[in-house]
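# What the coordinates show
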Amino acid sequence: MLRGKNIIIGVTGGIAAYKIPMLVRLLKKEGASVQVLMTEAAKDFVTPLTLSVVSENPVFSEFFKAQTGEWNSHIDLGIHADAILLAPLTANTMAKMASGMADNLLLTVVLAARCPVFFAPAMDMDMFLHSSTQENLKKLQALGYRYIPPVEGELASGLTGPGRMPEPEVLFKTLQDFFETSASFKGKKVLVSAGPTHEPIDPVRFIGNNSSGKMGIEIARAFAEKGALVNLVLGPVSTEVREPGITVYKVETAGEMAGKCKELFPESDVTVMAAAVADFTPVETAGKKIKKEKPLKQIEVKPTEDILAALGKMKKENQILTGFALETNDEIENARGKLKRKNLDMIVMNSLREEGAGFGYDTNKITVILKTGDNISYPLKSKKEVAKDIVHEIEKLIKEKDG
Ligand code: CTP
């Protein structure tokens, strides 16, 4: 699973840095390509020469190569990595990451990275337990960085407690497990719709809703992380999506979204319609801005096409189709009705009665309803975590279908 993977190891100035050559050797043995980045302080604990020899790559610390003045592009390094592991990570670099600082090469690479970033803090027990460090730890996790906790044991200070970096074998296994599970959608094509649609009344006004597109975008990201080739049909939102493995098709109206989804659907193994499609569109769009001197009495509207229902009609036996239902009352019953009517395999229900769920929030609370009749209710989570749960439920459906 590690063969051919580009892995960046970021080493900062902690005593555990002396163990990193072992980790690099383990990764190299499995066929990974390893690029080591070091902070200046790290060089007091392990030499760049050792890490360069074991990684079979030059080790970078500076923005410029001293002899030639050539630039070590942090953008390129970050873009081509499949994973970054920061180990050992000092309290100092953690604090800089938590506040978005970028005063060395390692930090700029992390800030520009599009791939998963793992971090293994290692420090003295009292520094680790200090509330500033604990706060930073929480911030990094909230930013989506993946935490590899330190273990309890004898520390360089002579004290015993939490703060030790896990052994290289444990760090290696974390990366190995990540790539193993991350390949579960390899070769699968996934279609996701996200965001609102805007139905133009005139060149500056539209009918639309409040959707931020966050939920659908996180679902697209979660699938891409598991190796899927994702087509994301995205309504007008401000979020930029630039992860590898996701092709974005920007659309404005329900009509454009319907056209793109219907075009991409036949080649998709899995489809998730997370878009908040406008249900109505003006019968006519004025060519010029409507002036307030000539007040508009009413806007005549017609229903938009129900894209999900149209895809349900096109669906073949081997395809999985998932929709969303935002309900205010009789939630399960209404969502189950939608699942049947639109010929879905699964529907993700959020209730507007739940605090923190639905659009405008960074969190969501969902109940997944399956064609088989089962319901699975999840607690309130970040949309990123909810996306992982949805992908996990779909993974289970695929396994069942494949027998
Ligand atoms: N949807 C769609 N096309 C539309 C409207 C909705 O594809 N024109 C999809 C949404 O992406 C979502 C699902 O249908 O996955 C549920 O949408 P929702 O608005 O909750 O339900 P409706 O079926 O429109 O029913 P109602 O408005 O009566 O709740």
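These lines cover the structure that appears in this document, whether it is placed above or below.

Rules behind the numbers
Residue positions are counted from 1 within each chain, in the order its sequence is given. Selection of residues for local features in this predicted model requires a pLDDT of at least 70, selection of side-chain atom pairs for listing and counting requires 80 or more, and totals for whole chains, interfaces and linings are taken over all residues. Where side-chain values are given, they derive from all heavy atoms of the structure, hydrogens and water being excluded. Think of it this way: any DSSP run of H or I at least four residues long counts as a helix, any run of E at least two long counts as a strand, and we number them from the N terminus. The classification of residues rests on relative accessible area computed with a 1.4 Å probe and restricted to protein chains. Under 20% of the type maximum is buried, over 50% is exposed, and intermediate values are partly exposed. Only heavy atoms enter the contact rule, under which two residues are in contact if any of them lie within 4.5 Å. Accessible surface area values rest on a Shrake-Rupley calculation with a 1.4 Å probe, where residue burial reflects the displayed protein chains alone. One heavy atom suffices: a residue is near a molecule or strand as soon as one of its heavy atoms comes within 4 Å of it. We define a polar contact as two N or O atoms separated by no more than 3.5 Å, with the added condition that, inside protein, one atom must be a possible hydrogen donor and the other a possible acceptor, whereas residues neighbouring each other in sequence contribute only through side-chain atom pairs. Under the convention adopted here, Pro, Cys and the residues Ala, Val, Leu, Ile, Met, Phe, Trp and Tyr are nonpolar, Asp, Glu, Lys and Arg are charged, and Gly plus all remaining residues are polar. The pairing criterion is simple: DSSP has to find at least two bridges between the two strands. Axis lines are fitted to C-alpha atoms, over the contacting stretch for helices. Their N-to-C directions set the angle, which ranges from 0 to 180 degrees. Residues belong to one nonpolar core when they are buried, are Ala, Val, Leu, Ile, Met, Phe, Trp, Tyr or Cys, and are joined through side-chain atoms within 4.5 Å. The term salt bridge refers to a side-chain nitrogen of Lys or Arg lying within 4 Å of a carboxyl oxygen of Asp or Glu. The directions considered for the arc run from the helix axis to the C-beta atoms.

A word on the overall build of the protein. When you go through the protein residue by residue, the secondary structure sums to 13 helices and 21 strands. Looking at the protein residue by residue over its 403 residues, the buried ones come to 49%. The contacts in the protein between residues at least 6 apart in sequence include a share of 66% that link residues at least 24 apart. When the accessible surface of the protein is totalled, it reaches about 19800 Å², and 53% of it is carbon and sulfur.

Looking now at the site of the ligand. Residues in close proximity to the ligand total 15 residues, the closest being Met273, Ala275, Phe324, Lys338 and Lys342. In this structure, an oxygen atom belonging to the ligand sits 2.8 Å away from a main-chain N or O atom of Leu308. Lys342 places a side-chain nitrogen or oxygen 2.6 Å from an oxygen atom of the ligand. Against a free-state accessible area of 570 Å², the protein chains account for coverage of 75% of the ligand. Element by element, the count of residues in the shell around the ligand is highest for strand β16 (residues 320-327), at 4 residues. Taken together, the residues of the shell around the ligand break down into 8 nonpolar, 2 polar and 5 charged.

What follows concerns the sheet that holds strand β2 (residues 33-38). Read from one edge of the open sheet, 5 strands run β2-β1-β3-β4-β5, paired in parallel fashion. Strands at the two margins of the open sheet, each flanked by one partner only, are β2 and β5 (146-147). Relative to strand β3 (residues 83-89), strand β1 (residues 6-11) runs parallel, the two being bridged by 4 bridges. Note that in β3 the partner of Ile7 across the bridge is Ala83. The strands touched by helix α1 (residues 20-29) within the sheet are β1, β2 and β3, with β1 carrying the most contacts at an inclination of about 180 degrees.

When you line up the elements, Ile217 lands in helix α9 (residues 214-225). Taking the relative accessible area as the measure of exposure, Ile217 reaches 2% and is therefore buried.

Okay, the side chain of Thr281 next. Summarising the element assignment, Thr281 is placed in strand β14 (residues 280-282). On the accessibility criterion, Thr281 (13% relative accessible area) is buried. At 2.9 Å, the side chain of Thr281 forms a polar contact with the side chain of Glu199. Discounting residues that sit within four places of it in the chain, Thr281 has contacts with Glu199, Glu300, Val301, Lys302 and Thr304.

Another point: the sheet that holds strand β19 (residues 366-370). Within the open sheet, the 8 strands sit side by side as β12-β11-β8-β13-β16-β17-β19-β20. Their pairing is mixed. Of all the strands in the sheet, just β12 (246-250) and β20 (375-377) have a single pairing partner and so form its edges. Going across the sheet, the axis of each strand differs from the next one's by a mean of 15 degrees, ignoring polarity. Pairing between strand β17 (residues 346-351) and β19: 5 bridges, direction antiparallel. Looking at β19, one finds that Val348 is bridged to Val368. Helix-sheet contacts for helix α12 (residues 331-341) involve β16, β17, β19 and β20, and the interaxial angle to β17 is about 150 degrees.

Considering the arrangement of structural elements, one finds Ile320 in strand β16. C-alpha of Ile320 to C-alpha of Thr68: the two residues are 252 residues apart in sequence and 54 Å apart in space. Setting aside its immediate chain neighbours within four residues, Ile320 contacts Asp269, Val270, Thr271, Asp345, Ile394, Leu397, Ile398 and Lys401.

Turning our attention to the nonpolar core. In terms of nonpolar packing, the biggest core is built from 35 residues, with Ile219, Phe223, Val230, Leu232, Val270, Ile390 and Ile394 touching the most fellow members. Within the residue set of this core, elements represented by two or more residues are β8 (189-194), α9, β11 (229-234), β13 (270-273), β16, β17, β19 and α13 (383-402). Once you skip the residues sitting within four places of it in the chain, Val230 turns out to touch Val190, Val192, Ala220, Phe223, Ala224, Gly245, Ile246 and Thr247.

Inspection of the entire model under this criterion finds 26 salt bridges. With a shortest N-O distance of 3.6 Å, Lys250 and Glu240 are connected by a salt bridge. With a gap of 10 residues between them, Lys250 in strand β12 and Glu240 in the loop between β11 and β12 connect regions that are remote in the sequence. The class of Lys250 is exposed, set by a relative accessible area of 57%. For Glu240, a relative accessible area of 55% translates into the label exposed. With its nearest N and O atoms 2.8 Å apart, the salt bridge here joins Lys342 to Asp306.

Within the span of helix α10 (residues 254-264), buried status applies to Ala254, Met257, Ala258, Cys261 and Leu264. Projection of α10 onto a plane perpendicular to its axis shows the buried side chains occupying an angular sector of 145 degrees, all on one side. Set apart from the buried face of α10 by more than 90 degrees, the exposed residues are Gly255 and Glu263. Considering only its buried residues, α10 is in contact with β8, β9 (199-200), β11, β12, β13 and α11 (307-314).

Most of β11 sits inside the fold, with 5 of its 6 residues counted as buried. Taken together, the 6 bridges between β8 and β11 define a ladder with parallel strand orientation. When the bridges of β11 are listed, Leu191 appears paired with Asn231. Note that β11 and β12 share 5 bridges and pair parallel. When the sheet's bridge partners are listed, Asn231 is paired in β12 with Thr247.

These figures come from the coordinates and say nothing about function on their own.
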